[in-house]
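Spelled out, the chains give:
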Amino acid sequence: MAPAWRRMQRQRIENVLLVVARAEELPSTLDGLADATTVHFPWGSLLRGVLEAEAGVAGGLARITREGADVTAVLSVTERERSLRLPALDDRLGPVLAERYAAHGLTLADWRPATRHEIEATHSSWAKRLGAGDQRSVWRLRLVRERTLP
């Protein structure tokens, strides 16, 4: 996160909080604070949690995100991860994600292959090492935190 922090300082981006915590264990002091929540190239349990919209992960992301704000994830899954029973990233997954995330107050706004520009905009050295966009496909998930009715 140090490179991201330095980049934000150079660009004079203010009001940013970088948090190191499991999505399932985010501090309650973050509830409803995030104007935008972003997950770039997760792996392991976070990748599974995002793709399966597991209660701890989906609930944690929804909980910290302000009503009406976006949760965006840039994801990639190879055959190796598929052997761990992760779903294939394709159009058929969209309706499944929509239903699962709706249970956590998140509406699916976008599910599609990420553009080259979106991949590069992550500034992820991990993505470069993975060959994201070249040797492996990358998908973009965008959810919107539903507004609660009064």
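Look up: the structure comes first, before these words.
Residue numbers here run from 1 along each chain, matching the order of that chain's written sequence. Thresholds applied to this predicted model are a pLDDT of at least 70 for local features of residues and 80 or more for the giving and counting of side-chain atom pairs; totals over whole chains, interfaces and linings are not thresholded and use all residues. Just so you know, side-chain values use all the structure's heavy atoms and leave hydrogens and water out.

A. Just the sheet that holds strand β1 (residues 34–40), in detail. Pairing within the open sheet is mixed, and its 4 strands lie in the order β1-β2-β4-β3. At either end of the open sheet lies a strand with only one pairing partner, and these are β1 and β3 (106–113). On average, each strand axis in the sheet is tilted by 15° relative to the strand beside it, whichever way the strands run. Alignment of β3 against strand β4 (residues 139–145), held across 7 bridges, turns out to be antiparallel. Each residue of the ladder has a partner; that of D110, found in β4, is R142. Here, residues are in contact when the closest pair of their heavy atoms is within 4.5 Å. Every angle, taken between N-to-C directions, lies between 0 and 180 degrees, and every axis is a line fitted to C-alpha atoms, over only the stretch in contact when it is a helix. Only runs of H or I of at least four residues qualify as helices and only runs of E of at least two qualify as strands under DSSP, and these elements are numbered from the N terminus. Each of β1, β2 (65–75), β3 and β4 is contacted by helix α3 (residues 55–64), which is oriented at about 135° to β2, the strand it contacts most. Pairing between strands is defined by DSSP: at least two bridges between the two strands are required.

B. Local environment of the side chain of T72. The residue T72 is located in strand β2 in this model. Leaving out residues up to four positions away in the same chain, T72 has contacts with T37, T38, V39, R140, L141 and R142.

C. Molecular detail of the pattern of salt bridges. We define a salt bridge as a side-chain nitrogen of Lys or Arg found within 4 Å of a carboxyl oxygen belonging to Asp or Glu. Summed over all chains, the structure comprises 11 salt bridges. Of the charged contacts, one joins D31 and R63 as a salt bridge, the two residues approaching to 2.1 Å between their closest N and O atoms. Of this pair, D31 sits in the loop between α1 (2–10) and β1 while R63 is found in helix α3, placing the two residues 32 residues apart along the sequence. On the basis of relative accessibility, which here comes to 36%, the residue D31 falls in the partly exposed class. R63 gets classed as partly exposed once you look at its relative accessible area, which sits at 29%. Across the pair R112 and D110 runs a salt bridge, and its minimum N-O distance is 3.0 Å. With a 1.4 Å probe rolled over the protein chains alone, any residue whose accessible area is under 20% of its type maximum counts as buried; one over 50% counts as exposed, and the rest are partly exposed. On the accessibility criterion, D110 (18% relative accessible area) is buried. In the salt-bridge network here, residues are joined through shared partners; they are D110, R112, E118 and R140.

These values are about where atoms sit, not about what they do.
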